[in-house]
Amino acid sequence: MAESSQSKSGGKKRPRSESEGDPDADADAASLQSIQLENDLNFTDTAIALQMMKAQFPKLDKVVVRPFILRSQLYSSVKDRTQVDRDLESLKKEAVVRVFKLNTGKDDHAIMFMDDYLAQMENAVKRYDAKDKQLSDVFDWFKQYVIKSKTDVSISHPELCSLLSNGGDVTEKHVTLLINAGLLTCQLIDQNLYWFVIPNIGSILKGLSQGRKELLSLINRTKYKEMVLANLEKKRLRLSPLDIRFHIRDLIGSGLLKTVQSPIGLLIRLSRD
Amino acid sequence: MLEETEDEYLNRCAAAAQDFVDFLDEEDVDDDEYFHRLMVYHKPGGSDQTRTRPVPFPDPTQTVDEPRGVVRVGFITGQVRHEAQRRAGQASPTEQHFVWSRVGFVFRLVCSSRLRRGGREELYMWTWKALNQREDGSLRPSAFRRGVVSSRASSLQLSNAKEFISLHRGAINSLEIDSTEGEGRYLLSAASDGTVAVFDTHRPTSSSSSSSTSIAQHHPLFHLPRAHKFAISRALWYPVDTGLFITASFDHYVKLWDTNSTQVVLDYKLPAKVYGIAMSSIATSHSLIATATADVQVRLCDLASGAFAHTLSGHRDGVMSLEWSSSTEFVLITGGCDGAIRFWDIRRPGTFLLLDQSLSQLGTRPPLLPTPTPSNNESTSLPASSKSSSSTPILPAQKRRSHKKIQLKPPTQSSHPGMASSQNRATAHYGAVNGLRATADGFYLLSSGSDSRLRLWDIESGRNTLVNYEAMSIQTSKPIQLAVTPDSSLVFVPCLASLKAYDLWSGTTINTYRGHYESVNCCFFNAQDQELYTGSNDRQILVWSPSIPAATQIEEADSKGGITSIDQDNWSD
């Protein structure tokens, strides 16, 4: 499925890179990582785009995190942004994916497949040994009642308590345990609202924001504020554990970089407003 | 007869960057072919840099289906045809005569002064074909007007025929044209240095005497240097006529001015600095000014009595933008610094609707544009219980043990129909809501937030339509003024130092207007003339009008030298 969709997306490329796309697609069917970014910059469907980008998620050595996709990466891959939003909404309702709001910059969202998120949650819970064994029932209640029914990015305190109390008595200590384990975070503006978060993702988010700045400064230092994509991909970022393709997609989607077709290939240019 | 086909000839001209000559052979030409061969060729380096090949004439068999809009009925002079033909290929005078003799019926456009100097080639092409259809009655006048208006609105460029000389010494915060019936003529502008000015958009006061082009200059009719002590955030015309205008400023005052004597008639002192004011243009039973201040309450000031009418409380932080509904005179929409958008019915206490960005139209209404992907079919057939996330969630069947629930906060709201919960923390944006605009038909609301998102809301159901307007960056500190074309096709958003025009329904960027040196604060679309006025921090008011090709500027210079501008109809030949 992945290969057929990949060759389909390779065929949807701009005519210039089409001839390069097909032999590459065949040759690299085995190892998806080494595909040039230029060949699969555009997809036709949100679900396909999500699967492809999950498969291309960089392997991190220090931290174990299941693959997640940023919303801006989706925008850069699928042409029609409204359609992306609507597809995401229906995928959320079907509980196939889960959307989280990140605290790096405005309007950053991370998308994670539901089974990845549940696995990540299991790892986090296992690693966090609760002092009081009674309280650790709350994790099961959380998973069973809250995650399945509340598909938003945030939840209010009364609602959280009422959902958790379907499992048993709920006290403030239970909620504190959830926060300490890294599954919920208080919103800064309002004490009563909590964000859902991906546990153990803090170091990666730091790397994300620093990697963005580094990539932007890299392009800013060039004479004409642009670089050929093929050359840019070969560089490594010092400050971010995520690879450079992750950041390129993210920045194109949020509008800070733009792609320009040129006779030597695809150029990445800093967009000025 | 040409030895090569017409297409080959045209391609050869395109490749050699030459103008082509349109040979009209009398016995060949019937109606369709005449129009088909009327192509326009742009020289590279001309006004339109992006085209180096002929613009093909639209298929005559296609029906023109343009979006709705309102335009004045017009006629077109022979002058227009003359110009279009001339640009179409430097046709010789005899051919021009021939062209005109085929015109059976003559129209004259009321704004002919503009069309004579302006209008893009597509407008001419479409107008040619539409004129013919209008002649034989297959195109109704309203459809013709709509088509002309929408093609003009989507071809705006920095005007090289008109400019406003602004005497403001501070950033321009507000622009408004009066909404008197049939004639939107006077532009009211307010700036951060506490000054107010009024311009006449129809009649210039002088023109700069440069050699090739003359730009009509509009000086202010009057300029009040010390209208307020601090910056003025908004200035409005009285909706009924231009005898009064209202200004609101950061010095906590809202003042009502008489236009002719430029004196303050009434003023209201508010407890905090005023970010915005609004008056309903369809109100017949009340004359209330709604004020948005840094205080959490929205105050309604009554013009008739000179006092405050009542206050609306419910926001948790200051209110930055507000707008009266364009369909009912009693509904007020406010956007706050806390990110919430509330709907108030001023006859009842409390909010009756709060917009939540996580509630989308899924399951309630079909999306705005038909989408080709099959995955959309599943979304419309979702179960009804997924409609609202505030309804009871779907829980797996379980046995309920008798257990104590923890003490929740006491349930707050009564069942009064006008009261939406003040505990409801739903937000429409992740930052402050700094711009609100309702479409003219009253069905949709656009809101811009300091999280740099623009959202389109369906008012009747209160849901987010999830239309995604491509990347923009909106300034966060000030309220901004959005503009929507009356036929609800384009929305103009100030994004830092440029202005972007988006298609309302699909969210694609149609155009970016770059001309200001600093951030743009306000924009106003003049629907009568299809012009856009923008004001920014660089103290300038810029005019964007439907674009004028370079060729006509040379023609104007010629016409000054005494070449007869042919405004006659040579159909008798």
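The name recorded for chain B in an unreviewed UniProt entry is Transducin/WD40 repeat-like superfamily protein, from Rhynchospora pubera.

Taking an unreviewed UniProt entry as the reference, chain A is identified by name as Serine/Threonine-kinase belonging to Rhynchospora pubera. Among the UniProt annotations of chain A, the heading Sequence similarities (unreviewed entry) holds the following wording: "Belongs to the STK19 family."

Time to look at the overall build of chain B. Within chain B, the regular secondary structure consists of nine helices and 31 strands. Relative to its 573 residues, chain B shows a buried fraction of 52%. Total accessible area on chain B is roughly 25700 Å²; 51% of this is exposed by carbon and sulfur atoms.

This part covers the overall build of chain A. Along chain A, the regular secondary structure elements total 12 helices and nine strands. Buried residues in chain A amount to 55% of all 273 residues. For chain A, the accessible surface area stands at approximately 12400 Å², while carbon and sulfur atoms represent 52% of it.

All names here are of chain A. Close contact between helix H7 (residues 137-149) and helix H8 (residues 157-164) brings their axes to 9 Å; oriented N to C, the two are set at 115 degrees. When the axis of H7 is compared with that of H8, the two are roughly perpendicular. Crossing angle aside, the handedness with which H7 passes H8 is right-handed. Residue-level contacts link Val 138, Trp 141, Phe 142, Tyr 145, Val 146 and Ser 149 of H7 to Leu 160, Leu 163 and Leu 164 of H8. Within the contact of H7 with H8, the residues separate by chemical class into eight nonpolar, one polar and no charged.

What follows concerns the packing of aromatic side chains. All names here are of chain B. Within this structure, the stated rule accounts for 19 aromatic pairs over all chains. Ring geometry for Trp 237 and Phe 245: centres 5.9 Å apart, planes at 75 degrees, overall edge-to-face. Relative accessible area serves as the criterion here: at 4%, Trp 237 is assigned to the buried category. Relative to Trp 257, the ring of Phe 245 lies with its centre 6.0 Å away and its plane at 10 degrees, an arrangement referred to as stacked. Here the residue Phe 245 occupies a position in strand S10 (residues 244-249), and Trp 257 occupies one in strand S11 (residues 253-258), the gap between them amounting to 12 residues. Note on Trp 257: relative accessible area 6%, which makes it buried. By the ring-pair criterion, three or more aromatic residues cluster together here, those being Phe 222, Trp 237, Phe 245 and Trp 257.

What follows is about empty space enclosed by the protein. Residues and elements named next belong to chain A. Within the structure shown, the criterion is met by six cavities of 30 Å³ or more. In this structure, the second largest cavity encloses a volume near 100 Å³. Lining the second largest cavity are Met 53, Gln 56, Phe 57, Pro 58, Phe 68, Gln 73, Asp 243, Arg 245, Phe 246 and Arg 249. Residue contributions to the lining of the second largest cavity peak at three residues, all from helix H12 (residues 244-253). Per-class residue counts for the lining of the second largest cavity are five nonpolar, two polar and three charged.

Counting 40 residues, the largest nonpolar core has A:Phe68, A:Phe142, A:Leu160 and A:Leu164 as the members making the most contacts within it. When residues in this core are grouped by element, the largest group, seven residues, is from H7(A). If sequence neighbours within four positions are ignored, A:Leu160 has contacts with A:Phe142, A:Val146, A:Ile155, A:Val175, A:Leu184 and A:Tyr194. Formed by 17 residues, the second largest nonpolar core is a distinct cluster that contains B:Leu446, B:Ile480, B:Val493 and B:Leu504.

Time to look at the UniProt feature "repeat: WD" (unreviewed entry) in chain B. Residue and element names in this part refer to chain B. In this structure's numbering, the residues bearing the UniProt feature "repeat: WD" (unreviewed entry) are residues 165-209, 225-267, 312-347, 426-467 and 513-545. Counting secondary structure, residues 312-347 comes out at 0% helix and 50% strand; the distance between its end C-alpha atoms is 11 Å. In residues 426-467, helix accounts for 0% and strand for 45%; the two terminal C-alpha atoms are 19 Å from one another.

Turning our attention to the pattern of salt bridges. Side chains that carry opposite charge are capable of pairing whenever their charged atoms lie near each other. Residues and elements named next belong to chain A. Enumeration over the complete set of coordinates arrives at 19 salt bridges over all chains. The residue Glu 226 makes a salt bridge to Arg 269 at a minimum N-O spacing of 2.8 Å. Within this pair, whereas Glu 226 is found in strand S7 (residues 226-228), its partner Arg 269 is found in strand S9 (residues 265-270), the two being separated by 43 residues in sequence. Residue class for Glu 226 comes out partly exposed when judged on its relative accessible area of 24%.

Okay, the packing of helix H10 (residues 202-220) of chain A against H12(A) next. Axes are the key here: two packed helices are described by the angle between their axes and the distance separating the axes. Residues and elements named next belong to chain A. Orientation of H10 relative to H12, taken along the N-to-C sense of each, is 80 degrees, at an axis distance of 10 Å. Relative to H12, H10 is oriented roughly perpendicular. For the pair formed by H10 and H12, the contact residues are Gly 207, Leu 208, Gly 211, Arg 212, Leu 215 and Leu 216 on the first element and Ile 244, Phe 246, His 247, Ile 248, Asp 250 and Leu 251 on the second. Broken down by class, the residue content of the contact of H10 with H12 amounts to seven nonpolar, three polar and two charged.

A word on the sheet that holds strand S6 (residues 193-196) of chain A. Residue and element names in this part refer to chain A. Pairing in this open sheet of three strands is antiparallel, and the strands run S4-S6-S5 from one edge to the other. Strand pairing shows two members of the sheet lacking a second neighbour, strand S4 (154-156) and strand S5 (184-186), which therefore form its edges. Going from strand to strand, the sheet's axes swing by 35 degrees on average, the running direction of each strand aside. In the sheet, S5 pairs with S6 via three bridges, with the strands oriented antiparallel. Bridge pairing in S6 links Cys 186 to Tyr 194. The sheet strands contacting H8 are S4, S5 and S6, and the helix crosses S4 at an angle near 85 degrees.

Looking now at H12(A). All names here are of chain A. Counting buried residues along H12, 10 of its 10 residues qualify, which places the element largely inside the surrounding structure. Of the positions making up H12, those classed as buried are Ile 244, Arg 245, Phe 246, His 247, Ile 248, Arg 249, Asp 250, Leu 251, Ile 252 and Gly 253. Positive backbone phi, at 90 degrees, marks Gly 255, one or two positions downstream of H12.

Before going further, it helps to examine the pairing of strand S8 (residues 257-262) of chain A. Residues and elements named next belong to chain A. Of the pairings in the sheet, the one linking S8 to S9 comprises six bridges and is antiparallel in character. Residue pairing across strands places Lys 258 opposite Arg 269, the latter belonging to S9. Where S8 folds back onto S9 in an antiparallel hairpin, the turn is made up of two residues.

In this section: the environment of A:Leu239. Residue and element names in this part refer to chain A. Relative to the helices and strands, Leu 239 is located in the loop between helix H11 (229-234) and H12. Sequence separation between Leu 239 and Arg 127 is 112 residues, and the spatial gap between their C-alpha atoms is 26 Å. For Leu 239, the contacting residues outside a window of four places in its chain are Gly 207, Gln 210 and Glu 214.

A word on the sheet that holds strand S14 (residues 288-293) of chain B. Residues and elements named next belong to chain B. On the basis of which strands lie adjacent, the open sheet formed by four strands has the order S13-S14-S15-S16 and antiparallel pairing. The open sheet terminates on both sides in strands that have one partner only, identified here as strand S13 (274-279) and strand S16 (308-312). For this sheet, the mean angle separating the axes of adjacent strands, direction not counted, is 20 degrees. When S14 meets strand S15 (residues 298-302), the two strands line up antiparallel, connected through four bridges. Among the inter-strand pairings, Ile 289 is bridged to a residue of S15, identified as Cys 301.

So, how was this worked out
- Residues numbered from 1 in each chain as written.
- Chains lettered and ligands numbered in written order.
- Predicted model: local features only at pLDDT ≥ 70, side-chain atom pairs only at ≥ 80, totals over all residues.
- Heavy atoms only, no water.
- UniProt positions renumbered as here; feature names shortened; annotations may be inferred.
- Helix = DSSP H or I, 4+ residues; strand = E, 2+ residues; numbered from the N terminus.
- Buried < 20%, exposed > 50% of the residue type's maximum accessible area, 1.4 Å probe, protein only.
- Areas by Shrake-Rupley, 256 points an atom, 1.4 Å probe, with all protein chains shown as cover.
- Axes fitted to C-alpha atoms, helices over the stretch in contact; angles between N-to-C directions.
- Parallel < 35°, antiparallel > 145°, perpendicular 65-115°, else oblique.
- Left-handed = near helix turned anticlockwise from the far one by under 90°.
- Contact = heavy atoms within 4.5 Å.
- Nonpolar A, V, L, I, M, F, W, Y, C, P; charged D, E, K, R; others polar.
- Phe/Tyr/Trp six-rings, centres within 6.5 Å; stacked < 30°, edge-to-face > 60°.
- 1 Å grid on protein atoms, 1.4 Å probe; cavity = no way out; pocket = protein on both sides within 12 Å on 5 of 7 lines; lining within 4 Å.
- Points joined across faces, edges and corners; volume = space filled by probe spheres on them.
- Core = buried A, V, L, I, M, F, W, Y, C linked by side-chain atoms within 4.5 Å.
- Salt bridge = Lys/Arg side-chain N within 4 Å of Asp/Glu carboxyl O.
- Pairing = 2+ DSSP bridges.

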